[in-house]
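Okay, here's what each chain looks like letter by letter:
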Amino acid sequence: GMALMAGVALLALMPGYLFYAARINSDTLLPVLGVGITAATCAYAKSEDSRSLWALALLLPAALATKMSSLAAFGGAMFAIVLSDLQRGRPLGALVRRSCLTALPALLFLAFWCFRCYEQTGTLLYVNTTRVGWPLEEEPVWRRLLSFDFVAFLQGRYCFDDAVRVSYPTALLTSALYGE
């Protein structure tokens, strides 16, 4: 409850996100869907309510349709469901059935998307790489792994600022919060 509200408050008050929220696009929709996925996953882990699984079955493909980077949210939600069921001692057959039924809509969308990408580009998952040789390749590995650029993080210019992408921890945290 309280951690979810803190996450929503952090998401709502980040300066970079306020800029993005002025537009309706995937950059603002994915964090909203992510909050819904987190809430439904937490609700299932606490109460084992099957309505939470129905909500996840709707939210997960919506998140995948918004941005493919939500595969991490898909994997995290499914891992939490399986872990919750294992802790409750649910039989393996019921665990697999619940997980598959919850994941089925998202997996069907993912199969459609991979087929579409293959038909259009010749690869299963198309990645748009418009720049080659960006700063991640020029910085020493230890600096990329052990640094955190707080100023770049607060600016939140993930799509436009290479300073965020120079540090792995900064890029990962910013990416998670912005849904990149």
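About the criteria used
Residues numbered from 1 in each chain as written. Predicted model: local features only at pLDDT ≥ 70, side-chain atom pairs only at ≥ 80, totals over all residues. Heavy atoms only, no water. Salt bridge = Lys/Arg side-chain N within 4 Å of Asp/Glu carboxyl O. Buried < 20%, exposed > 50% of the residue type's maximum accessible area, 1.4 Å probe, protein only. Helix = DSSP H or I, 4+ residues; strand = E, 2+ residues; numbered from the N terminus. Expected span 1.5 Å × (residues − 1). Arc of directions from axis to C-beta. Contact = heavy atoms within 4.5 Å. pLDDT = per-residue confidence, 0-100. 1 Å grid on protein atoms, 1.4 Å probe; cavity = no way out; pocket = protein on both sides within 12 Å on 5 of 7 lines; lining within 4 Å. Points joined across faces, edges and corners; volume = space filled by probe spheres on them. Nonpolar A, V, L, I, M, F, W, Y, C, P; charged D, E, K, R; others polar. Phe/Tyr/Trp six-rings, centres within 6.5 Å; stacked < 30°, edge-to-face > 60°. Patch = residues over 30% accessible without salt bridge, like charges linked within 9 Å, V, L, I, M, F, W, Y side chains within 5 Å. Areas by Shrake-Rupley, 256 points an atom, 1.4 Å probe, with all protein chains shown as cover. Axes fitted to C-alpha atoms, helices over the stretch in contact; angles between N-to-C directions. Parallel < 35°, antiparallel > 145°, perpendicular 65-115°, else oblique. Left-handed = near helix turned anticlockwise from the far one by under 90°.

A closer look at the pattern of salt bridges
At step 1: By the definition in use, this model includes 2 salt bridges.
At step 2: With a closest N to O distance of 2.9 Å, Asp-49 and Arg-51 form a salt bridge.
At step 3: With its nearest N and O atoms 3.2 Å apart, the salt bridge here joins Asp-85 to Arg-90. Of the two residues, Asp-85 and Arg-90, both sit in the buried class.

What to know about helix 5 (residues 71–87)
At step 1: For helix 5, built from 17 residues, the straight-helix expectation of 24 Å at 1.5 Å per residue is met to within 8% by its first-to-last C-alpha distance of 24 Å.
At step 2: The set of residues buried in helix 5 consists of Phe-74, Ala-77, Met-78, Ile-81, Ser-84 and Asp-85. Down the axis of helix 5, the smallest arc covering the buried residues is 125°, so these residues share one side. For helix 5, the exposed residues set more than 90 degrees away from the buried face come down to Ala-72, Phe-79, Leu-86 and Gln-87.
At step 3: In this structure, the buried side of helix 5 is in contact with helix 3 (26–47), helix 4 (50–66) and helix 6 (92–121).
At step 4: One or two residues past the end of helix 5 sits Gly-89, with phi positive at roughly 75°.

Brief notes about the confidence of the model for the protein chain
At step 1: Across the protein chain, the average pLDDT comes to 76, with 62% of residues at 70 or higher.
At step 2: Low pLDDT (under 50) marks residues 129–137, which in the prediction has 12 contacts with non-local residues, meaning those over four places away or in another chain.

Observations regarding the layout of surface pockets
At step 1: Space inside the second largest pocket adds up to approximately 170 Å³.
At step 2: Among the elements of the structure, helix 4 and helix 6 are those that each provide at least two residues to the lining of the second largest pocket.
At step 3: Looking at the lining of the second largest pocket residue by residue, the classes come out as 5 nonpolar, 2 polar and 2 charged.

Looking at the packing of aromatic side chains
At step 1: Scanning all chains against the criterion turns up 2 aromatic pairs.
At step 2: Here Phe-109 and Phe-112 contribute two aromatic rings whose centre-to-centre distance is 6.1 Å and whose plane-to-plane angle is 50°, an arrangement assigned as tilted. With Phe-109 and Phe-112 both in helix 6 and 3 residues apart, this pair spans about one turn of that helix.
At step 3: Here Phe-112 falls in the partly exposed class, since its relative accessible area comes to 48%.

So, the environment of Pro-61
At step 1: With respect to the helices, strands and loops of the structure, Pro-61 is situated in helix 4.
At step 2: Residues in contact with Pro-61, not counting those within four places in the same chain, are Leu-56, Pro-105, Ala-106 and Phe-109.

A look at a nonpolar patch on the surface
At step 1: On the surface, a nonpolar cluster with roughly 300 Å² of combined accessible area is contributed by Leu-101, Leu-104 and Leu-108.
At step 2: Within the secondary structure, Leu-101 is located in helix 6.

Examining the packing of helix 4 against helix 5
At step 1: In contact at an axis separation of 9 Å, helix 4 and helix 5 are set at 160° when each is read in the N-to-C sense. Comparing the axis directions of helix 4 and helix 5 gives the class roughly antiparallel. Crossing angle aside, the handedness with which helix 4 passes helix 5 is left-handed. Judged by residue contacts, Leu-53, Leu-56, Leu-60 and Leu-64 of helix 4 engage Leu-71, Ala-73, Phe-74, Ala-77, Met-78 and Ile-81 from helix 5.

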